[in-house]
Every structure is written in C-alpha cells, then in structure tokens.
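Examination of the molecular architecture
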Amino acid sequence: QVQLLESRGGLVQAGGSLRLSCAASGSGFSIHVMGWYRQAPGKQRELVALITSCNRTNYADSVKGRFTISRDNVKNTVALQMNSLEPEDTAVYYCSAWVVLTITSRGYEYWGQGTQVTVSS
C-alpha cells in the first residue's frame with residue numbers, strides 16, 4: 001500500500017507565505033516523482049510543481065519564482081514552499097507520487113486527500 005498524507009493548509013493574506021508538506025508511507029514501492037496539484041472550484045486540476053528522483057524540478061508558469069518544491073529522501077516527504085501568495089492561488093492542493101510497486105514492477109500515480117489553501121485579498 002501507498003499512502004500520501006498532506007499537512008494542514010490554511011488561510012493567509014495576499015503576499016504571505018505558506019508551506020505544505022506531504023509524507024509517503026507504506027512499503028513495497030520506490031518513488032520516482034513527487035509533485036503537487038491544485039484544483040479551484042469550477043476548474044480542472046492542474047499540476048503546480050514536480051520533483052524527480054534526480055532532483056530535477058518543473059513548475060507551472062503561474063507559480064515560477066514564487067513556489068519552491070523540495071524533498072527529503074530520508075523521510076520520504078515532499079514540501080511546497082509558497083511565497084508571495086495571490087488570491088488566484090486559492091485551491092485544494094493535492095500531493096502526488098509516481099511510484100513503482102515492487103511486487104508488480106509497474107508504475108502508478110497516487111494522490112493524497114487534499115488540503116485547502118485560501119488566500120484573502
């Protein structure tokens with residue numbers, strides 16, 4: 001089994017900062033990529049940022065220069081540091097992991113349950 005547990009989101013004023021974290025638990029898998037998605041009401045889920053096993057990162061254009069994704073391979077966690085937050089960043093944020101299961105040697109993508117981030121103007 002693979003479980004992804006996001007930290008609690010919160011409310012922050014525009015221009016403020018917030019850090020999200022996610023921990024992967026379980027056994028029998030290896031993590032190749034971890035990332036963060038978000039979904040605002042009435043909009044489709046979009047990829048915000050990802051980080052690969054070799055520590056390469058990709059960001060959505062809307063968050064470049066403001067958000068930073070990082071990971072801790074010892075703790076099997078990924079974090080998203082969000083600075084200069086804007087009301088448009090308001091969404092439910094989902095942790096994601098692309099893993100290879102040891103038993104099947106097949107790859108799967110998993111998502112956490114999501115956490116609400118609200119940015120007030």
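Residues numbered from 1 in each chain as written. Predicted model: local features only at pLDDT ≥ 70, side-chain atom pairs only at ≥ 80, totals over all residues. Heavy atoms only, no water.

1. What to know about the environment of Glu86
For clarity, the cut-off: A run of H or I in DSSP becomes a helix once it reaches four residues, and a run of E becomes a strand once it reaches two; helices and strands are each numbered from the N terminus. Burial classification: accessible surface area is computed with a 1.4 Å probe over protein chains only, and a residue below 20% of its type maximum counts as buried, one above 50% as exposed, and the rest as partly exposed. The contact definition used throughout considers only heavy atoms, calling two residues in contact when any of these lie within 4.5 Å.
Residue placement: Glu86 occurs in the loop between β8 (77–82) and β9 (91–101). The partly exposed category is assigned to Glu86, whose relative accessible area is 33%. Between the C-alpha atoms of Glu86 and Tyr59, which are 27 residues apart in sequence, the distance is 16 Å. Excluding residues within four positions of it along the chain, Glu86 makes contact with Arg66 and Val119.

2. So, the pairing of strand β4 (residues 29–39)
Counted only if it meets this: A strand pair is defined by DSSP finding two or more bridges across the two strands.
Note: β4 against β9, 10 bridges, orientation antiparallel. Within β9, the residue paired with Tyr37 across the bridge is Tyr94. Here β4 runs beside strand β5 (residues 46–52); their pairing, made up of six bridges, is antiparallel. Bridge assignment links Trp36 to a residue of β5, and that residue is Ala49. Hairpin connection between β4 and β5: a loop of six residues separates the two successive antiparallel strands, and Gly42 in this loop has a positive phi of roughly 80°.

3. Description of the state of the cysteines
Selection criterion: Two cysteine sulfurs form what is called a disulfide whenever their separation falls within 2.5 Å.
All told, the structure shown has one disulfide when counted by the stated rule. Residue pairing for Cys22: its cysteine sulfur links by disulfide to Cys95, the two sulfurs lying 2.1 Å apart. The disulfide joining Cys22 to Cys95 has a torsion of about -80° about its S-S bond and is therefore left-handed. Within this pair, whereas Cys22 is found in strand β3 (residues 18–26), its partner Cys95 is found in strand β9, the two being separated by 73 residues in sequence. Grouping residues by exposure puts Cys22 and Cys95 together as buried. Cys54 takes part in no disulfide bond, and the closest cysteine sulfur, belonging to Cys95, lies 18 Å away.

4. Quick word on the nonpolar core
Rule in force here: By nonpolar core we mean a set of buried residues, namely Ala, Val, Leu, Ile, Met, Phe, Trp, Tyr and Cys, connected to one another through side-chain atoms within 4.5 Å.
Formed by 31 residues in total, the largest nonpolar core has its most connected members in Met34, Trp36, Leu80, Met82 and Tyr93. It is β9 that provides the largest number of residues to this core, a total of six residues. Discounting residues that sit within four places of it in the chain, Met34 has contacts with Leu4, Ala24, Leu50, Ile51, Ile69, Val78, Cys95, Ser96 and Ala97.

5. A look at the environment of Gly107
When you line up the elements, Gly107 lands in strand β10 (residues 107–111). For Gly107, a relative accessible area of 33% gives the class partly exposed. A sequence separation of 78 residues divides Gly107 from Phe29, and the C-alpha atoms of the two residues are 9.3 Å apart. With residues up to four places along the chain from it excluded, the contact list for Gly107 reads Trp98, Val99 and Val100.

6. Focus: the sheet that holds strand β7 (residues 67–72)
Two modes of strand pairing occur in sheets, parallel and antiparallel, and in both the strands are linked by backbone hydrogen bonds. Worth spelling out the cut-off: Angles run from 0 to 180 degrees between N-to-C directions of axes, and those axes are lines fitted to C-alpha atoms, restricted for helices to the stretch in contact.
Read across the open sheet, the four strands follow the order β1-β3-β8-β7; overall the sheet is antiparallel. Every other strand in the sheet has two partners, leaving β1 (2–6) and β7 as the edge strands with one partner each. Adjacent strand axes in the sheet meet at a mean angle of 15°, parallel and antiparallel pairs treated alike. Looking at chain direction, β1 and β3 are connected through five bridges and run antiparallel. Note that in β3 the partner of Gln3 across the bridge is Ser25.

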